[in-house]
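Coordinate analysis (summary)
These are the residues of each chain, in order.
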Amino acid sequence: MKLPGQEEFEASTASENAPAEQLDNGTGSEGPPDTGSRELAVPKNPLLFIQLNELLGWPQALEWRETGRWMLFEEKLEVGAGRWSTPHVPTLALPSLQKLRSLLAEGLVLLDCPAQSLLELVEQVTRVESLSPELRGQLQALLLQRPQHHIKTTGIQRWRGSPHPKEASHDEEAPLKEQRQNPLRQKLPPEAEAGAVLAGELGFLGQPLGAFVRLRDPVVLGPLTEVPLPSRFFCLLLGPPMLGRGYHEMGRAAAVLLSDPHFQRSARRASSHHDLLAALDSFLEEVTVLPPGRWDPTTRIPPPKCLPSQQKRSLSQLWGAKDPSVPCGAPAEDRHGRGPHAPNPELQRTGRLFGGLVQDVRRKASWYPSDFSDALHLQCVSTVLYIYLATVTNAITFGGLLGDATDGAQGVLESFLGTAAAGAAFCLMAGQPLTILSSTGPVLVFERLLYSFSRDHGLDYLPFRLWVGIWVATFCLVMVATEASVLVRYFTRFTEEGFCALISLIFIYDSVGKMLNLAHAYPIQRPGPAYGCLCEFLGPEGNESQWQKTRSKGTDDIISMDLGLVNASLLPPTECVQRGGHPRGPGCHTVPDITFFSLLLFLTTFLFATALKHIKTSRFFPAVARKVLSDFASVLAILLGCGLDAFLGLATPKLMVPQEFKPTLSGRGWLVSPFRANPWWLSLAAVLPALLLSILIFMDQQITAVILHRAEYRLQKGAGFHLDLFCVAVLLLLTSALGLPWYVSATVISLAHMDSLRRESRACAPGEPPRFLGIREQRLTGLVVFVLTGVSIFLAPALKFIPMPVLYGIFLYMGVAALSSIQFTKRVQLLLMPAKHQPDLLLLRHVPLSRVHLFTAIQLACLGLLWTIKSTPAAIVFPLMLLGLVGVRKALEWVFSPQELLWLDELMPEEERSNPEKGLEPEHSFSGSDSEDSDLMYQPKAPEINISVN
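Residues numbered from 1 in each chain as written. Predicted model: local features only at pLDDT ≥ 70, side-chain atom pairs only at ≥ 80, totals over all residues. Heavy atoms only, no water.

Named according to an unreviewed UniProt entry, the chain is Anion exchange protein originating from Echinops telfairi. Regarding the chain, the relevant UniProt record gives this comment under Sequence similarities (unreviewed entry): "Belongs to the anion exchanger (TC 2.A.31) family." (UniProt positions renumbered as here; feature names shortened; annotations may be inferred.)

Considerations on the overall build of the chain
When helices and strands are counted, the chain shows 35 helices and 18 strands. When burial is assessed residue by residue, the chain has 54% of its 950 residues classed as buried. Taking the contacts inside the chain whose residues are at least 6 apart along the sequence as the reference set, 78% of them involve residues at least 24 apart. As displayed, the chain offers around 40400 Å² of accessible surface, 61% of which is attributable to carbon and sulfur atoms. (Helix = DSSP H or I, 4+ residues; strand = E, 2+ residues; numbered from the N terminus. Buried < 20%, exposed > 50% of the residue type's maximum accessible area, 1.4 Å probe, protein only. Contact = heavy atoms within 4.5 Å. Areas by Shrake-Rupley, 256 points an atom, 1.4 Å probe, with all protein chains shown as cover.)

Some details on the side chain of Glu74
On the secondary structure map, Glu74 appears in strand E3 (residues 74–78). Aside from chain neighbours lying at most four places away, what touches Glu74 is Arg69, Thr86, Pro87, His88, Pro90 and Arg252.

Here we look at the pattern of salt bridges
Opposite charge on two side chains permits them to pair, given that their charged atoms come into close proximity. With the rule as written, the count across this model stands at 24 salt bridges. Between Arg69 and Glu75 there is a salt bridge, with the nearest N and O atoms lying 3.1 Å from each other. Classification of Glu75 as buried rests on a relative accessible area of 5%. In the salt-bridge network here, residues are joined through shared partners; they are Asp371, Asp374, Lys717 and Arg779. (Salt bridge = Lys/Arg side-chain N within 4 Å of Asp/Glu carboxyl O.)

Thoughts on the nonpolar core
Core analysis: the biggest nonpolar cluster contains 134 residues, and Val468 and Ile697 have the highest contact counts within it. At 13 residues, the largest contribution of residues to this core is made by helix H24 (residues 687–708). When neighbours within four sequence positions are excluded, Ile697 is seen to be in contact with Val443, Val472, Cys476, Val728, Leu732 and Val744. (Core = buried A, V, L, I, M, F, W, Y, C linked by side-chain atoms within 4.5 Å.)

A word on the pairing of strand E2 (residues 63–70)
With respect to burial, E2 is a largely interior element, eight of its eight residues being buried. From the end of strand E1 (residues 48–56) to the start of E2, which pair antiparallel, there are six residues, and Gly57 there has a positive phi angle of about 100°. Looking at chain direction, E2 and E3 are connected through three bridges and run antiparallel. Pairing of Gly68 across the sheet is with Lys76, part of E3. Counting the residues that bridge the hairpin from E2 to E3 gives three residues. (Pairing = 2+ DSSP bridges.)

Quick look at a nonpolar patch on the surface
On the surface, a cluster of nonpolar side chains totalling about 490 Å² of accessible area is made up of Phe675, Trp680, Trp681 and Leu684. Judged by relative accessible area, which is 51%, Leu684 ranks as exposed. (Patch = residues over 30% accessible without salt bridge, like charges linked within 9 Å, V, L, I, M, F, W, Y side chains within 5 Å.)

Quick notes on the packing of helix H17 (residues 493–521) against H24
Where H17 contacts H24, the axes come no closer than 10 Å and their chain directions differ by 115°. Here H17 lies roughly perpendicular to H24, going by the angle between them. Considering how the two elements wind past one another, H17 and H24 form a crossing that is left-handed. Between H17 and H24, the contacting residues are Thr495, Glu496, Phe499 and Cys500 on the first element and Asp700, Ile703, Val706 and Ile707 on the second. Looking at the contact of H17 with H24 residue by residue, the classes come out as five nonpolar, one polar and two charged. (Axes fitted to C-alpha atoms, helices over the stretch in contact; angles between N-to-C directions. Parallel < 35°, antiparallel > 145°, perpendicular 65-115°, else oblique. Left-handed = near helix turned anticlockwise from the far one by under 90°. Nonpolar A, V, L, I, M, F, W, Y, C, P; charged D, E, K, R; others polar.)

Details of the side chain of Glu497
Among the secondary structure elements, Glu497 is positioned in helix H17. Judged by relative accessible area, Glu497 falls into the buried class, the value being 4%. At a separation of 3.3 Å, a polar atom in the side chain of Glu497 contacts the main-chain amide nitrogen of Phe824. A polar contact is formed between the side chain of Glu497 and the side chain of Gln859, at a distance of 3.3 Å. Those residues within four positions of Glu497 in sequence are excluded, and the remaining contacts are Ile822, Gln823, Phe824, Arg827 and Gln859. (Polar contact = N/O pair within 3.5 Å; in protein donor to acceptor, adjacent residues only side chain to side chain.)

Details of the packing of aromatic side chains
Tallied over the entire structure, the rule returns nine aromatic pairs. Relative to Tyr461, the ring of Tyr451 lies with its centre 5.1 Å away and its plane at 80°, an arrangement referred to as edge-to-face. Of this pair, Tyr451 sits in helix H15 (residues 441–456) while Tyr461 is found in helix H16 (residues 461–481), placing the two residues ten residues apart along the sequence. With relative accessibility at 12%, the residue Tyr451 sits in the buried group. (Phe/Tyr/Trp six-rings, centres within 6.5 Å; stacked < 30°, edge-to-face > 60°.)

Some words on helix H22 (residues 633–648)
Counted at 1.5 Å a residue, the expected span for H22 with its 16 residues is 22 Å, and the 23 Å between its end C-alpha atoms agrees. Where H22 is concerned, the buried positions are Ala633, Ser634, Val635, Ala637, Ile638, Gly641, Cys642 and Asp645. Positive backbone phi, at 60°, marks Gly649, one or two positions downstream of H22. (Expected span 1.5 Å × (residues − 1).)

A look at the packing of helix H20 (residues 594–614) against helix H29 (residues 804–820)
For any two helices packed against each other, the geometry is given by the interaxial angle and the distance between the axes. Following both chains from N to C, one finds H20 and H29 inclined at 40°, their axes separated by 8 Å at the closest point. As the angle between them shows, H20 and H29 are arranged oblique. Crossing angle aside, the handedness with which H20 passes H29 is right-handed. In this structure, H20 uses Ser598, Leu601, Phe602, Thr605, Phe606, Ala609, Thr610 and Lys613 to contact H29, whose residues at the interface are Pro805, Val806, Tyr808, Gly809, Ile810, Leu812, Tyr813 and Val816. When grouped by side-chain class, the residues that make up the contact of H20 with H29 number eleven nonpolar, four polar and one charged.

Focus on helix H26 (residues 747–756)
In terms of burial, H26 is largely enclosed, as ten of its ten residues are buried. Buried within H26 are the following residues: Thr747, Val748, Ile749, Ser750, Leu751, Ala752, His753, Met754, Asp755 and Ser756.

A few points about the sheet that holds strand E8 (residues 193–201)
An order of E4-E3-E2-E1-E8-E10-E9-E5 is seen for the eight strands of this open sheet, with the pairing classed as mixed. Each end of this open sheet is capped by a strand with a single partner; those strands are strand E4 (83–84) and strand E5 (108–113).

A few points about the pairing of strand E10 (residues 231–239)
Of all nine residues that make up E10, nine are buried, and the element is covered over most of its length. Examined bridge by bridge, E8 and E10 share eight bridges and lie parallel to one another. Directly across from Gly195, in E10, lies its bridge partner Phe233. In this structure, strand E9 (residues 209–219) lies alongside E10, joined through seven bridges in antiparallel fashion. Paired with Phe212 across the two strands is Cys235, which belongs to E10.

Focus: the confidence of the model for the chain
Of all residues in the chain, 74% have pLDDT values of 70 or greater, and the mean over the chain is 75. Of the regions scoring below 50 in pLDDT, residues 1–43 engages in 92 contacts with residues more than four places distant in sequence or in other chains. Segment residues 321–342 is flagged for pLDDT under 50; beyond a separation of four residues in sequence, or across chains, it makes 51 contacts in the model. (pLDDT = per-residue confidence, 0-100.)

Structure follows, in structure tokens:
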């Protein structure tokens, strides 16, 4: 039987997420249409608020009382507690649905009723032949009686309505003040409509009375519902007393039917009584029955974390209606959110030199004005603070590491200046302004190797580095001209996860290593309390000259250390010896144990940031407070660490920022000479290291770009692979000429940037989690971050009070968050779990556990090999090994079947083209009999931002 409205289901379900899109009041201009983005249309069916009013008090004083409400889930009125229950998935008894169908089959059905008020509606409903004029009058008076609502206002829940039953006059049909002030109204979208279900036992009726009304024009029916919304549906279920709570359950069944999107759509388009019953029958065909005695009926099923896909329910119904025995062959989205075999138009060759670059410029130019207007939102303020601190910390960390690696040829000042200049220029010109440029671990390894080679062969490092940069920029421009960026199609999840896991582990290792360095620089004072003698930091005992030298460096309370600035009062070693000798005499002046309190700040910052980030999904605090705390998690953690350090007056290492604006290496200007002491032929010999670095730059840049542009992130303004690589090439040439560090996309900060700009629906029905709408795509946050980074050179007096252990804790937090968010980590955990304790992952339903472990073991072996090569003198071939990940993934096609690779990874372009007819997409099997596969239709569309670390 064909359901009404099936012809239009594609138009109404293709834009499943559009209602939430409109509810995000902070979005900016949608901008011009983009060929590479999916447009979201406005749906035809608004959200429906359903209220159940039950007739109570028979045979004494009759009154209508609100006992339940539905939007997406059911809320029951808990009379004893005087509150609404938590939203839950409604469960119905099958007989109640069958009785409801029988009552509607024999009752009154009015479609497109012209009533404009509650009085006119009641007159229409009571015009049935079975009612005498006297009964009709009594029933009309009863239906016009004002119901009792349970409205929560200003923290007090109370019954609202007339204490004595009386008929509502024309003037009394206006909404009550309490209805207009109901806070529930703020959770509903502006276009929401209402549906009222009235049910109960009435002794003077000789037979059941059922009526279903669809109003032609929605109208506010006075105080009928607790929220003054225009009503579209009205359902009346009355009858003589019966055993049990038959009419109450039938009323709940009617409300659940109206809350179902498919039944609601069919009811809106029904043209006859027969169409309405067909929609009810379709609902019954999808009902899942729980056997009695196997579950507790009083248990309330919590709402799912992600709502079912209504579009796939429609597809399933259509295919089943056509021919249940024919397997479906219509296209469907795969588990990664993309249409099957739909190539990205941005990764198609044009066949012209710089053709991809020209297309990127044209595509992004139309969005350029909205890239600034879309940033006018409070969320961007928290993003700027968070990313600014992360960028400054990254600049300081890599600046210090670069200074160590190059023996002072480059340092923190170059890192600050290069980060600010290159980052700001990239945000203004790049195709994807959400990308944050920074120094990265792999590039730092290459810089260390290049400096070691120059030192061992007596070469002038900076001129040699300039020629390497010139050749790298040339190779990158060649790749842009030949559209080499289309090769990123071969970067599957296997390559991305291997790269992300490696960089995440490097970052975690470095943050923990920094804390271990503190333990060496500030030995733990074992005896007594956590205090140690200052003399231990000043060299051998009695070293009076060392004390005088340290004291003369600045104020009386500063000791200059390699890892930062330590505040303490100084006491001459000789005086310390005279008062009791070393190491702990009675007169020895002491300072707090630096390592102990640094470790305390390190762990406190990490744990506090982690707790605040997860508070968004907790049950504590209102939703607005949870969102603010989650958005500012890193900022608040840093402020907590700084406050704790200042309150306790700890002598921990502090953030070091440049004091003067000049190159770190004395005697050189800002422009690097091409030759100086190096021979001319070195400009040609630089081709070999430049070729390796070009591979590294391409992999590092484009892997980050591919991760940023995964379909589940719902970016609407398109990518810019060719334009981004062109900008990186130009900036490489500029930084090489100025002796500044080389910069590419930093995976950690870029994806943390995206994560902080997540857009979610603001108006959510009770029990409905906020829906992921996409990313707030704009250029302003990144631009402001890099401008502040440049200004930070002159903010040394304020920034020097930030403890370094606090920033190390933030780095650890970002690294752990990255590692825990990728599928690879979850599969590694499976190696340590017995089968009975393993989570019910979808891939385990379709891939044997032994094959999953084999795939994970191969990834672990590749990761171990990359780590080993990075840590040895053979690190010069590290770029080739990254490229080798693509080759390993290609070789896996000989070990795993395409179906297994589809669940564990993705299909490569050639493999998709060679299997167009096999229906490998796991979500294609809607007509199968395996009920477990129904979960495939309900994949979450909001992505986990895979924050990886550089």
